[in-house]
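Understanding the architecture of this molecule
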Amino acid sequence: MEQVELRFDPASQASQTHTNLSALRHDGSGLWVAGDETATIEHLAWTGMNYAGQRTFRLADYVPLPAGPDDEADIEGLARADGHLWAVGSHSLKRRRIKSAKDPAKAVKRLATVVREENRFILVRLPLDPATNAPLPGAILSGRDNIAAHLEDDPHLAPFLALPGKDNGLDIEGIAVLDERVYLGLRGPVLRGWAVVLEIRPVEAHPGRLRLREPYRKHFLDLGGLGVRDLCPYGRDVLLLAGPSMSLDGPVRVLRWRVHRAGEVVAADELETVAELPYGIGCDHPEGLAVLADGRLMIVYDSPSPARITPAGGVLADVIEI
């Protein structure tokens, strides 16, 4: 295993993007990355030694965000296909964390508080300028037509829409685009040990607005009780980063899913484990993966350990052979 530095500018360090990385995709010149605490996407260029030269792009400059430009979008997945960059929010509710157990009444009240943040309920597609590799104004699926709204009558997923993501509620954490098919991996819910991947086909029905061209499909995958933490195309297949759906440390592994055979139910023996990933205790949670030009995998981590933080304000990603 090798490590490579992703170096961020002071503003991203201040907003802790480098310690909250949740999405990753490689292109010919560098990396697209996103953190789950902002409403931005970043591009880092390969310098020959590290990824640096950060460019930050505010989603609100390219699509109308439902809650305005500054509320976090909780971007959990990025994809590149056919000259476009895709970004998907978690579509999850959020339960307040206990900040201190020294005030039990306040702690119990916080645990009873569930928050809905509309910027989390977005799917965005941005064309990329071939000359500058910068986004151009694009299209969004949000509001009353967001993905969660399409699931309100779903017999498997509707009961989980009122639950926060980290309580096994709906939580989108990966996207892969193959031709016109967009695959969305769910960290939760996990149904009696089976993870769920949604397959949708969005189209731009009106300028700036996406809609689903046809009903979504569901794929149920036996990941041994794990949920999907990221997705990434691998030729005509898809790699799945599988990890715990709840607030646990591991296990975490990468599996190969041959989607051209994709049926509604995918048994464990139809999935190939290509890597078992390291993880920390309370830190180093694998959260994003990308296939590099040489076929190796890059893994980025949420809550990185102090050993991953570099003196230059960067963070170390892992690069592995598969």
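Below or above, wherever it landed, is the structure these notes cover. The structure displayed is predicted, hence computed values, not measured ones.

1. Observations concerning the side chain of Asn-20
Tracing the chain through its elements places Asn-20 in the loop between helix H1 (10-14) and strand S2 (21-26). What Asn-20 contacts, discounting residues up to four positions off in sequence, is Ala-34, Gly-35, Asp-36, Glu-37 and Asp-302.

2. Describing the pairing of strand S14 (residues 194-200)
Along a regular strand, successive side chains alternate from one face of the sheet to the other. Here S14 lies mainly inside the structure; six of its seven residues are buried. Judged from the four bridges that link them, strand S13 (residues 181-188) and S14 form a sheet pairing that is antiparallel. In the strand pairing of S14, Leu-184 is matched with Leu-198. With antiparallel pairing between neighbouring strands as the criterion, S13 and S14 make up a hairpin whose turn holds five residues, including Arg-192 at a positive phi of roughly 50 degrees. Bridge analysis of S14 against strand S17 (residues 217-222) gives six bridges, and the strand direction is antiparallel. The residue of S17 that forms the bridge with Val-196 is Phe-220.

3. Observations regarding unusual backbone geometry
Geometrically, the link from Gly-188 to Pro-189 is a cis peptide bond, its omega value of 5 degrees lying close to zero. For Pro-189, the location among the structural elements is in the loop between S13 and S14. The step from Gly-250 to Pro-251 runs through a cis peptide bond, and the omega angle for that step is 5 degrees. Relative to the helices and strands, Pro-251 is located in the loop between strand S19 (237-243) and strand S20 (253-257). The residue Gln-16 is not glycine, and still its phi comes out positive at about 65 degrees. By secondary structure assignment, the location of Gln-16 is in the loop between H1 and S2. With a phi angle near 50 degrees, Arg-192 is a residue other than glycine that sits in the positive phi range. Note on placement: Arg-192 falls in the loop between S13 and S14. Taking relative accessible area as the criterion, Arg-192 reaches 84% and is therefore assigned exposed.

4. Regarding the environment of Val-265
Here Val-265 lies in strand S21 (residues 265-266). We classify Val-265 as partly exposed; its relative accessible area is 49%. The sequence separation of Val-265 and Phe-220 amounts to 45 residues, and the corresponding C-alpha distance is 4.9 Å. Other than its neighbours up to four places away in sequence, Val-265 contacts Trp-194, Phe-220 and Glu-270.

Basis of the calculations
Residues numbered from 1 in each chain as written. Predicted model: local features only at pLDDT ≥ 70, side-chain atom pairs only at ≥ 80, totals over all residues. Heavy atoms only, no water. Helix = DSSP H or I, 4+ residues; strand = E, 2+ residues; numbered from the N terminus. Contact = heavy atoms within 4.5 Å. Buried < 20%, exposed > 50% of the residue type's maximum accessible area, 1.4 Å probe, protein only. Pairing = 2+ DSSP bridges.

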